[in-house]
Amino acid sequence: MLMHHSLEQLRALRLEGMARAFEEQLAQPAIAALSFEERFAQLIDREVLARDGKRIDRLLKAARIKVGGACLEDVDYRAGRGLDRSQIAALATGHWIRQHQNCLITGPTGSGKTRLACALANAACRQGLSAYYVRLPRLFEELRIAHADGSFSRRLMQLARLDLIVIDDWGLAAPSAQERSDLLELLDDRVGSRATLITSQLPIEHWHTYLGDPTFADAILDRVVHAAHKLALTGESMRRKEKA
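What you see is a predicted model; the values in this text were computed from it and never measured. (Residues numbered from 1 in each chain as written. Predicted model: local features only at pLDDT ≥ 70, side-chain atom pairs only at ≥ 80, totals over all residues. Heavy atoms only, no water.)

A.B. asks: Would you mind going over the overall build of the protein with me for this structure?
C.D. replies: What the protein contains, in helices and strands, is twelve helices and five strands. The proportion of buried residues among the 244 residues of the protein is 41%. Counting only carbon and sulfur atoms, one obtains 54% of the accessible surface of the protein, whose full area is about 13600 Å². (Helix = DSSP H or I, 4+ residues; strand = E, 2+ residues; numbered from the N terminus. Buried < 20%, exposed > 50% of the residue type's maximum accessible area, 1.4 Å probe, protein only. Areas by Shrake-Rupley, 256 points an atom, 1.4 Å probe, with all protein chains shown as cover.)

A.B. asks: How should the pattern of salt bridges be read in this particular structure?
C.D. replies: It is possible for side chains bearing opposite charge to pair when their charged atoms get close. Inspection of every chain in the model, using the stated rule, returns four salt bridges. Measuring nitrogen to oxygen at the nearest pair gives 2.7 Å for the salt bridge that ties D169 to R135. Placement of the pair is D169 in strand β3 (residues 164-170) and R135 in strand β2 (residues 131-135), with a sequence separation of 34 residues. A salt bridge links R155 to E142; its shortest N-O distance comes to 2.5 Å. Residue R155 is located in helix α8 (residues 152-160), and its partner E142 is located in helix α7 (residues 136-149); the two are separated by 13 residues in the primary sequence. Both residues of the pair, R155 and E142, count as buried. (Salt bridge = Lys/Arg side-chain N within 4 Å of Asp/Glu carboxyl O.)

A.B. asks: What's the story with the nonpolar core in this structure? I'm lost.
C.D. replies: Soluble globular proteins: nonpolar side chains tend toward being buried together. Membership of the largest hydrophobic core comes to 31 residues, with the highest contact counts inside it found for L72, W96, I105, L116, L164, L197 and L231. With nine residues, the top contributor of residues to this core is helix α6 (residues 113-126). The contacts of L197, once residues within four sequence positions are left out, are W96, C103, I105, A117, L120, L164, I165, V166 and I167. The next biggest cluster of nonpolar side chains, apart from the first, holds 30 residues, and it includes V134, I198, I220 and V224. (Core = buried A, V, L, I, M, F, W, Y, C linked by side-chain atoms within 4.5 Å. Contact = heavy atoms within 4.5 Å.)

A.B. asks: Honestly, the packing of aromatic side chains in this entry has me stumped. Any pointers?
C.D. replies: The relation between two aromatic rings is expressed through the spacing of the ring centres and the mutual angle of the planes. According to the stated counting rule, one finds two aromatic pairs in the structure shown. With 5.1 Å between their ring centres and 40° between their planes, W170 and W207 make a pair best called tilted. Here W170 is found in strand β3, whereas its partner W207 is found in helix α10 (residues 207-211), with 37 residues between them in sequence. Here the two residues W170 and W207 agree in accessibility, since each one is buried. Plain terms: the ring middles of W170 and Y210 are 6.1 Å apart, the flat faces sit at 55° to each other, and that makes the pair tilted. Here the residue W170 occupies a position in strand β3, and Y210 occupies one in helix α10, the gap between them amounting to 40 residues. Pair check on accessibility: W170 and Y210 agree, each one buried. Through successive ring pairs, a cluster of aromatic residues spans W170, W207 and Y210. Above the face of the Y132 ring, R155 is positioned so that its terminal group lies 5.3 Å from the ring centre. (Phe/Tyr/Trp six-rings, centres within 6.5 Å; stacked < 30°, edge-to-face > 60°. Lys NZ or Arg CZ within 6 Å of the ring centre and 35° of its normal.)

A.B. asks: Please clarify how a nonpolar patch on the surface should be interpreted in this entry.
C.D. replies: A grouping of F36, F40 and I44 is seen on the molecular surface, where their side chains present a nonpolar patch of about 310 Å² in accessible area. Within the secondary structure layout, F36 lies in helix α3 (residues 36-63). (Patch = residues over 30% accessible without salt bridge, like charges linked within 9 Å, V, L, I, M, F, W, Y side chains within 5 Å.)

A.B. asks: Just checking my understanding: could you explain the packing of α7 against helix α9 (residues 177-190) for this structure?
C.D. replies: The relative placement of two packed helices is expressed as an angle between their axes plus a distance between the axes. Interhelical geometry of α7 versus α9 gives an angle of 95° and a closest axis separation of 10 Å. One finds that α7 runs roughly perpendicular with respect to α9. Counting all contacts with α7, which are made through L136, L139, F140, L143 and H147, the residues of α9 involved are Q178, E179, D182, L183 and L186. (Axes fitted to C-alpha atoms, helices over the stretch in contact; angles between N-to-C directions. Parallel < 35°, antiparallel > 145°, perpendicular 65-115°, else oblique.)

A.B. asks: Is there a simple way to explain the sheet that holds strand β4 (residues 195-200) in this structure?
C.D. replies: Strands in a sheet are paired, the pairing made by backbone hydrogen bonds, and the direction either parallel or antiparallel. If you trace the five strands from one edge of the open sheet to the other, you get β2-β3-β4-β1-β5, paired in parallel fashion. Because the sheet does not close on itself, it has two edges, and the strands there are β2 and β5 (229-232). Across the sheet, the axes of successive neighbouring strands diverge by a mean angle of 10°, strand direction being ignored. Note: strand β1 (residues 103-106) against β4, four bridges, orientation parallel. Its bridge partner lying in β4, C103 is registered against L197. The strands that helix α4 (residues 85-92) touches are β1 and β5; relative to β5, the one it contacts most, it runs at about 135°. Sheet strands in contact with α9 are β3 and β4, and its direction is about 145° off that of β3. (Pairing = 2+ DSSP bridges.)

Encoded structure:
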């Protein structure tokens, strides 16, 4: 009766990990051979693991990663893709995110830019870092709506707090003057304090022309390109290979 009451109290306190571990201990007579400290340590370990798992689940859900199943363990290093195992291994540690650096992934359509970006975002979430995936056209639309309903400043603050933002499909259509201004505001909040990952079909040397206004282009690229990790994917479309 006392054990059942203790179990109910653990659940009332939302200590589900401890509660499940306590139930398992009660079902194992051999557990009596352990000291109180050892049994209690097991309960604490299970609660920590349960909470870590829930936090990771929340981070992954909030990240809205386009290719949810993408992971770095599945990266295809076949010849001709332009991928360096040691560079990917270094990025996999998440150190670049914690050091507030950027990552720029370029390459032709179908070369695997989005999948690799999503795998890096997935790895970040599993390390307890917050991330957010968004296509640049969708980001511009999101910020346009925020201007209209008066929530622009609040949305910028929310984005500024994220450890990693993945901006996919950079360079599809020339930005308007307002979009350039919004992009500069967003990136200025992140320089030196958060990490940004950008994917683009356009080689980096064409980004200045894409952005249009030379003054804004200089300011935006100064915040993005300097000391960024650069991956230039090559080869034929991975999608065509998968269909073949």
